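# Tertiary structure, described
Given next are the chains, with one letter for each unit.
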Amino acid sequence: MSGTRVVVIGAGLAGLTAAVRLGGQGLRPTVVTRGLGGLPLSPGTIDVLGYAPEAVDLIETGMAAFLERNPAHPYAQIGLDATAAGIESLREAVAPIEIIGDGARNMLLPSMLGGARPTAYAPASLAAGALRDGLRVLFVGMQALRDSPAALAAATLPVAAAAAGLRDVTARSIDVTTSPRPDEPDVNPVTMARALDDPALLTRLAAEVRPHVLDVDVVAFPAVLGMQRHAEVLADLRSNLGAPVCEVASVPPSVPGIRLDALLRDRLVALGGRVTLGAAAVGLERRGTRVTAVDLDRGDRVVSMPADAVVIATGGFASGGIVLDSHGGLTEAVADLPLAGDPGPERRFGERASDDHPGLAVGVTVDAGMHPLNPDGSVWADNVYAAGDIIGGAVPWRQLCGEGICLGSAAVAADTLVRELAATVREV
Amino acid sequence: MSQSIRDSLDHCVKCTICETQCPVAAVTPLFPGPKYVGPQAERYRDASREGSPDDSLDYCSGCGTCTLVCPQGVKVAEINAQARAVMKAQKGVPFRDKLISRTVVGGRLSVATSPLYNWGIGVGALRWAAERTVGIHRRAPMPHAARTTFRTWVWRRNLTRRRVRSTHRVVYFHGCAANYYETELARRTVAVLEHQGIEVIIPRQECCGLPMQSNGLLDEARASVRRLAAQLAPYAREGLDIVSTSTSCSLMLKREAREILELEDDPDLRALAPRMFDICEYLVGLYEQGKLQTQMQPVPLTVPYHPPCQLRAHNIGTPAHRLFELIPELRVIDPNVTCCGVAGTYGLKAEKYDIAMAVGAPLFAQVDGSELACCDSETCRWQINSATGVETVHPIELLYRAYGLE
Ligand SMILES: Cc1cc2nc3c(=O)[nH]c(=O)nc-3n(C[C@H](O)[C@H](O)[C@H](O)COP(=O)(O)OP(=O)(O)OC[C@H]3O[C@@H](n4cnc5c(N)ncnc54)[C@H](O)[C@@H]3O)c2cc1C
Ligand code: SF4
Ligand code: SF4
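Note that the coordinates shown come from a computational prediction; the quantities given were computed from them, not determined experimentally.

## A few points about the overall build of chain B
- In terms of helices and strands, chain B carries 22 helices and eight strands.
- Scored against the burial criterion, the 406 residues of chain B give a buried share of 61%.
- Of the accessible surface of chain B, which amounts to about 16000 Å², a share of 51% is contributed by carbon and sulfur atoms.

## Points about the site of ligand 1
All names here are of chain A.
- Lining the immediate environment of ligand 1, one finds 35 residues, of which Gly38, Ala281, Ser319, Asp389 and Gly402 sit closest.
- Taking Ala14, its main chain carries an N or O atom lying 2.9 Å from an oxygen atom of ligand 1.
- Contact between ligand 1 and Thr33: an oxygen atom at 3.0 Å from a side-chain N or O atom of the residue.
- When ligand 1 sits alone it has 990 Å² of accessible area, and the protein chains cover 91% of it.
- At the level of elements, helix 1 (13-24), strand 12 (280-287), helix 11 (396-399) and helix 12 (402-427) are the ones that each hand at least two residues to the shell around ligand 1.
- No other element matches the three residues that helix 12 contributes to the shell around ligand 1.

## Observations concerning the site of ligand 3
- In the region of ligand 3, 14 residues are neighbours, and Cys22, Cys60, Cys63, Gly64 and Cys66 of chain B sit closest.
- Mapped onto the shell around ligand 3, the elements with two or more residues apiece are helix 4 (65-69) and helix 5 (76-91) of chain B.

## Observations regarding the sheet that holds strand 7 (residues 136-142) of chain A
Residues and elements named next belong to chain A.
- Within the open sheet, the four strands sit side by side as 8-7-9-10. Their pairing is parallel. Across the chains shown, the open sheet's two edge strands, defined by having one partner strand only, are strand 8 (170-176) and strand 10 (245-248). Shown here is a sheet whose adjacent strand axes are inclined to one another by a mean of 30 degrees, direction ignored.
- The pairing of strand 9 (residues 218-222) with strand 10 spans four bridges and is classified as parallel.

## Describing the sheet that holds strand 3 (residues 241-244) of chain B
All names here are of chain B.
- Taking strand neighbours across the sheet as the criterion, the four strands line up as 2-1-3-4 in an open arrangement whose pairing is parallel. Each edge of the open sheet is held by one strand with a lone partner, namely strand 2 (199-201) and strand 4 (276-278). The sheet shows a mean angle of 35 degrees between the axes of neighbouring strands, taken without regard to direction.
- When strand 3 meets strand 4, the two strands line up parallel, connected through three bridges. Across the sheet, residue Val243 finds its bridge partner in strand 4, namely Phe277.
- Across the sheet, helix 15 (residues 247-260) touches strand 1 (169-173), strand 3 and strand 4, and the angle it forms with strand 4 is around 155 degrees.

## A look at the pattern of salt bridges
- Tallied over the entire structure, the rule returns 37 salt bridges over all chains.
- In this structure, the salt-bridge partner of Arg5 of chain A is Asp308 of chain A, at a minimum N-O distance of 3.6 Å. With Arg5 of chain A in the segment before strand 1 (6-9) and Asp308 of chain A in the loop between strand 14 (302-306) and strand 15 (309-312), this residue pair connects regions lying 303 residues apart in the sequence.
- By relative accessible area, Asp308 of chain A is classed as partly exposed at 23%.
- The salt bridge involving Asp300 of chain A is made with Arg298 of chain A; its shortest N-O contact spans 4.0 Å.
- Residue classification places Asp300 of chain A among the buried positions, given a relative accessible area of 11%.
- Each member of the salt-bridge network shares a partner with another, and the members are Arg298, Asp300 and Arg301 of chain A together with Lys254 and Glu281 of chain B.

## Here we look at the domain arrangement of chain B
Residue and element names in this part refer to chain B.
- Per the domain assignment, the segments of chain B are domain 1 (3-91) and domain 2 (294-402).
- With centres defined by C-alpha atoms, the gap from domain 1 to domain 2 works out at 26 Å.
- With 13 residues of domain 1 in contact, the opposing surface of domain 2 contributes 14 residues.
- Summed over both sides, the interface of domain 1 with domain 2 buries roughly 1000 Å², with 69% coming from carbon and sulfur.
- The interface formed by domain 1 and domain 2 includes one salt bridge.

What counts and how
Residues numbered from 1 in each chain as written. Chains lettered and ligands numbered in written order. Predicted model: local features only at pLDDT ≥ 70, side-chain atom pairs only at ≥ 80, totals over all residues. Heavy atoms only, no water. Helix = DSSP H or I, 4+ residues; strand = E, 2+ residues; numbered from the N terminus. Buried < 20%, exposed > 50% of the residue type's maximum accessible area, 1.4 Å probe, protein only. Areas by Shrake-Rupley, 256 points an atom, 1.4 Å probe, with all protein chains shown as cover. Near = heavy atom within 4 Å. Polar contact = N/O pair within 3.5 Å; in protein donor to acceptor, adjacent residues only side chain to side chain. Pairing = 2+ DSSP bridges. Axes fitted to C-alpha atoms, helices over the stretch in contact; angles between N-to-C directions. Contact = heavy atoms within 4.5 Å. Salt bridge = Lys/Arg side-chain N within 4 Å of Asp/Glu carboxyl O. Domains from an automatic or database assignment. Buried area = accessible area lost by both parts, 1.4 Å probe.

Listed below in structure tokens is the structure:
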């Protein structure tokens, strides 16, 4: 099947995972995407189900109860086995970074505001901060990084941990001045992470922190501990401080997310896949029940890219996978796929900007093979699959379920695609 | 500012993705990054007022990475390019920038004096003097001038009438670099096209105006690209495709002249744009239609291939990879690096040379020690070659070998 042309639209966690999984099965997918996906903005954790809406501890039990109440949720089609399969693809692709978690239980990770945030899997640097009874945390704030309010985190965490049912979690904080750019009041986390790849700066940082490492179980840094040399930076810091070290995610840009994004894209290229950046898919060409090509808007012209199968992983509103026009109309951006969950003209805004909006759960409906469906339940096209946030029925920010959906749907979409493509090749 | 660029500005959600991918911001504190100098600073730029709110804009190399990675479709690099041009025009363009913008004059002079010029660019003392007087860095990559131009070859070719005639005709837009410096590439491109049984038409052609545009000489750039468009448009209207070996010049004709120089309505440019092809893009198109010669001999080499930022900005992916797959025994390494640093004329400038070298460092480390390297863009080839000493060729050169045309 090496001559087949598989196109994945979108380069978020869903698109990239689908692509590397296809690559792992001998296909050489082309990812076409308008821009990078949401991964560089995300905390780098793999949320499967955090709130249902009560905090979820045991994932399988929580999921069963949750799906009973939300039968139209994407997990009803995806299933936890698929999410576990997707996790394995991710683990393989980002191998230098170890992904901790067994998918059975959520861990609680401290946030930079001192919250206790449930997540199923996390890169080792973040997972090292998992909260437990009696944990003593030292938060390190960096004056050069505006979004590392360590004192606030230290004050809040014990309360948040207690509310989550943990006993005797305590926290202290210090603020350090180490900076690669002392003249800049506000250094970008990515700049900081790249700078800390330099052992000299790292040694300065360690020297500033070391005197404060007394009676602590973990030293919690903002998530800037190295970019290219992340593993070495962690190990150096650990041995230099003589204590376990963890990273705590903060607002974007997110270094843990950027590391995963870069590794996934590298892996795809290593597998013989390609990424075409800057091109937006604006149509699918159909012949009967199959799609034969993707129409790509390249800025200067629209071209037709032949395709034997297509994975749509264009994300939700945030990434332009679904667009809202000035008359309140909602459209799926690539092929005008049927959307479910449109609250209609009654759609209203909440009192506060952060309130839930019914439009956020709008998306395509899929079958168990991730084929987008028509309103009557029939398959929209035999060789089109959907993955990630474009699938409707979920509110990832509330439910903390985004990455699990991405990984699970990507795994199913890729595996169904490979199976069905093999079947059509045999028929021909 | 052109409407399509202007409109894209409001789509910025300040997500910072462009900030984290900009190769210049990654290596220097002098440049705050695309989001700041692009969609953010643009709101404070006002045609009625003098100057830019942020002079650091000058450190943007124009590599275009920010536009490519932006998930919201904001044309960050285009905003920067236009604002930088206006800023330079207002402040007065330095002599150095005028000098390196005049590729036609410079090219003619260097070819006319080629033995002297080629000797001069290798002499440390002269290069040192050039850095002190005009600000072109003493170690910046400078191409060797050809003894005779490609046009002279075309003229002789037309006299001898030794060329392929066919109903499948394409126009070759060679650009200035191939005319004055890399004439061999131009001749080999013609050979590779003729090998497909295609008749190659090589009309007279002006500079596309890009060097003038990026150095703030907007009126000159407009005049130049319009003359070029007028030379090529009749062929496009006739239904002929136009292929180019210069990634940045062909991008001018596809899109940039209309967007950045605000020539959206120029009828010649509009006629041209949909018929412009990067040479590898065109050959892959032929391949997909089953019209490419695939009889090739082995090229037993391991070659690092760097798809330059200027090619990526075409939004066509990396077509050369498809062609390389057809060449037996050729092993291509993808260094997976954003930019070589030079970004046209950026890396030649004394105050930016070190930044350009730092940007390219991860690429040079992977090219070092190779027998041959490959890259689509001329200034990038010169940069890679000057930084690593490794001969760096256009993908066409590998095809030329594979077809046994040597
Ligand atoms: C800032 C932020 C933080 C978040 N944090 C969390 C969190 O903590 N927990 C959680 O569970 N969820 C979170 N989410 C939700 C998040 O949307 C999903 O978890 C996940 O990122 C969705 O991934 P995806 O691959 O489906 O789509 P995305 O990552 O959104 O990627 C979509 C891709 O498609 C491309 N694209 C879109 N339209 C087109 C087109 N027409 N043609 C070509 N390409 C196109 C885009 O350029 C992009 O590359 C967050 C989202 C954002 C924006
Ligand atoms: S220009 Fe694009 S990538 Fe940059 S901050 Fe704005 S939306 Fe994000
Ligand atoms: S064009 Fe290149 S150098 Fe300029 S801001 Fe964008 S990414 Fe940075």
